[in-house]
Amino acid sequence: MLLGDAQFCSEARTWLRRFGGNLYTLLPYAVSAWAGYRHKLGIDIEAPDNAASYTSDECERPTFRDKQEKMIRLVAMLSNENPIVPNTLSFDPPVPQTCMVHGYLTSSLVDCETARDEVLNELGISVLSRMRSIDTDTDPVDHGFRTKFEWAIGDGNYHIDDEVFLNGWKAFANKLQSMD
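Numbering of residues begins from 1 in every chain and follows the order in which that chain's sequence is written. Given that this is a predicted model, residues contribute local features only at a pLDDT of at least 70 and side-chain atom pairs are listed and counted only at 80 or more, while totals for whole chains, interfaces and linings are drawn from all residues. Side-chain figures throughout are based on the complete set of non-hydrogen atoms in the structure, without hydrogens or water.

Q: Now, about the overall build of the chain: what can you tell me, with residues and values included?
A: Working definition: helices are DSSP H or I runs of at least four residues, strands are E runs of at least two. Numbering for both runs from the N terminus. When helices and strands are tallied, the chain shows seven helices and four strands. When the helices and strands of the chain are read in sequence order from the N terminus, they spell out α-α-α-α-β-β-α-β-α-β-α. Partitioning the intrachain contacts of the chain with sequence separation of at least 6 by distance along the chain shows that 67% fall at a separation of at least 24. Should any heavy atoms of two residues lie within 4.5 Å, those residues are counted as being in contact.

Q: Can you explain the pattern of salt bridges? Please cite residues and give values.
A: When a carboxyl oxygen of Asp or Glu is within 4 Å of a side-chain nitrogen of Lys or Arg, the pair counts as a salt bridge. Within this structure, the stated rule accounts for seven salt bridges. Residue Asp 155 pairs with Lys 67 through a salt bridge whose shortest N-O separation is 3.3 Å. Of this pair, Asp 155 sits in the loop between strand 4 (147-152) and helix 7 (162-179) while Lys 67 sits in helix 3 (residues 64-80); the two residues are 88 residues apart in sequence, bridging distant segments of the chain. Residue exposure (1.4 Å probe, protein chains only): buried if accessible area is under 20% of the type maximum, exposed if over 50%, otherwise partly exposed. Judged by relative accessible area, Asp 155 falls into the partly exposed class, the value being 27%. You can call Lys 67 buried: its relative accessible area is 12%.

Q: Run through the packing of helix 5 (residues 109-123) against helix 7, naming residues and quoting values.
A: To define axes, lines are fitted to C-alpha atoms, for helices over the stretch in contact only, and angles between the resulting N-to-C directions are given on a 0 to 180 degree scale. For the pair helix 5 and helix 7, interaxial distance at closest approach is 9 Å and the crossing angle is 130°. Considering their axes alone, helix 5 and helix 7 lie oblique with respect to each other. As for the relative orientation of helix 5 and helix 7, their crossing is right-handed in sense. Of the residues in helix 7, those in contact with Asp 111, Cys 112, Thr 114, Ala 115, Arg 116, Glu 118, Val 119, Glu 122 and Leu 123 of helix 5 are Asn 167, Gly 168, Ala 171, Phe 172, Lys 175, Leu 176 and Met 179. Looking at the contact of helix 5 with helix 7 residue by residue, the classes come out as eight nonpolar, three polar and five charged. Oblique is the label for any angle not covered by the other classes, which are roughly parallel (under 35 degrees), roughly antiparallel (over 145) and roughly perpendicular (65 to 115). Crossing handedness is read from the near helix: turned anticlockwise from the far helix by less than a right angle, it gives a left-handed crossing, and turned clockwise, a right-handed one. Each residue is assigned to one class: nonpolar for Ala, Val, Leu, Ile, Met, Phe, Trp, Tyr, Cys and Pro, charged for Asp, Glu, Lys and Arg, and polar for all the others, Gly among them.

Q: Which residues make up the packing of aromatic side chains, and what are the values?
A: Note on aromatic pairs: the rings of Phe, Tyr and Trp (six-membered ring only in Trp) are paired at centre separations within 6.5 Å, and the planes decide the class, stacked below 30 degrees, edge-to-face beyond 60, tilted for the rest. Counted under the stated rule, the structure contains seven aromatic pairs. Arranged with centres 5.7 Å apart and planes meeting at 85°, the rings of Trp 169 and Phe 172 form a pair that is edge-to-face. A residue pair is termed a helical-turn pair when its members lie 3 or 4 positions apart in one helix, as Trp 169 and Phe 172 do in helix 7 at three residues. The pair formed by Trp 169 and Phe 172 is uniform in burial state, with each residue classed as buried. One aromatic cluster in this structure is built from Phe 91, Phe 149, Trp 151, Phe 165, Trp 169 and Phe 172. Criterion for a charge above a ring: Lys NZ or Arg CZ within 6 Å of the ring centre, and within 35 degrees of the ring normal. Here Lys 70 stacks its cationic end above the ring of Tyr 158, 5.6 Å away from the centre of that ring.

Q: Can you lay out helix 7 for me, pointing to particular residues and giving the numbers?
A: Helices are assigned an expected span. That span is 1.5 Å times one less than the residue count. For helix 7, which comprises 18 residues, the first-to-last C-alpha distance of 26 Å matches the rise-based estimate of 26 Å (1.5 Å per residue) to within 8%. Within helix 7, burial applies to Asp 162, Phe 165, Leu 166, Gly 168, Trp 169, Ala 171, Phe 172, Ala 173, Lys 175 and Leu 176. Distance and chemistry together define a polar contact, namely a pair of N or O atoms within 3.5 Å, with one atom able to donate a hydrogen and the other to accept it when in protein, and with adjacent residues in sequence counting only for side-chain atoms on both sides. Measuring from the side-chain oxygen of the N-cap residue of helix 7 to the backbone nitrogen of Glu 163 gives 3.1 Å; that N-cap residue is Asp 161.

Q: Can you lay out the confidence of the model for the chain for me, pointing to particular residues and giving the numbers?
A: Across the chain, pLDDT averages 80, with 76% of residues at or above 70. A score from 0 to 100, pLDDT tells how confident the predictor is in each residue. The least confident element of the chain is helix 6 (residues 139-142), whose mean pLDDT is 59; the most confident is helix 5, at 94. pLDDT under 50 marks residues 51-58. Its contacts with residues more than four places away, or in other chains, come to six contacts.

Q: I'd like a rundown of the sheet that holds strand 2 (residues 100-105), residues and numbers included.
A: Sheet strands associate in pairs through backbone hydrogen bonding, adopting either a parallel or an antiparallel arrangement. Strand order across the open sheet formed by four strands is 1-2-4-3, with antiparallel pairing between neighbours. The open sheet has two edge strands with one neighbour each: strand 1 (89-92) and strand 3 (132-133). Pairing between strand 2 and strand 4: six bridges, direction antiparallel. The residue bridging Tyr 104 from the neighbouring strand is Lys 148, located in strand 4. Whether two strands pair comes down to DSSP finding at least two bridges between them.

Set out below in structure tokens:
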């Protein structure tokens, strides 16, 4: 809990965002870090519900570098190979430095949520779980973007084949294009 006068709290809120977020945006990373810590200590943690569908080789926990390389590969494929996606989507940075990347979409939050849900119903693929509207006084809006998200490769989605990601993103971009 942060205590202080309104000016102090306002300035603290600004610095919190500069350092990367708040509880809503940082919680997945905190949970993942705690699970990784417990794994390294050899403390048993429950396997994901879909772990039974993996081969024993796939159940090996990927390293940070493995996840980073997958993110770099996926962003490159989405940015270079499909002409629809670059007109809809932008990644920051263009070449991810970690296994997480920020993304910006040109469509409204409502259209993005509708497209995501339609792709999920039709293909069983959810490209994103959390998206947020962009504040009107920020730089991405000046470049035509209206929705933002954070996309991460973690233990839970690392073993999903790259083609599944690409098919989901292509379908998502096509849905957004048809709404314009």
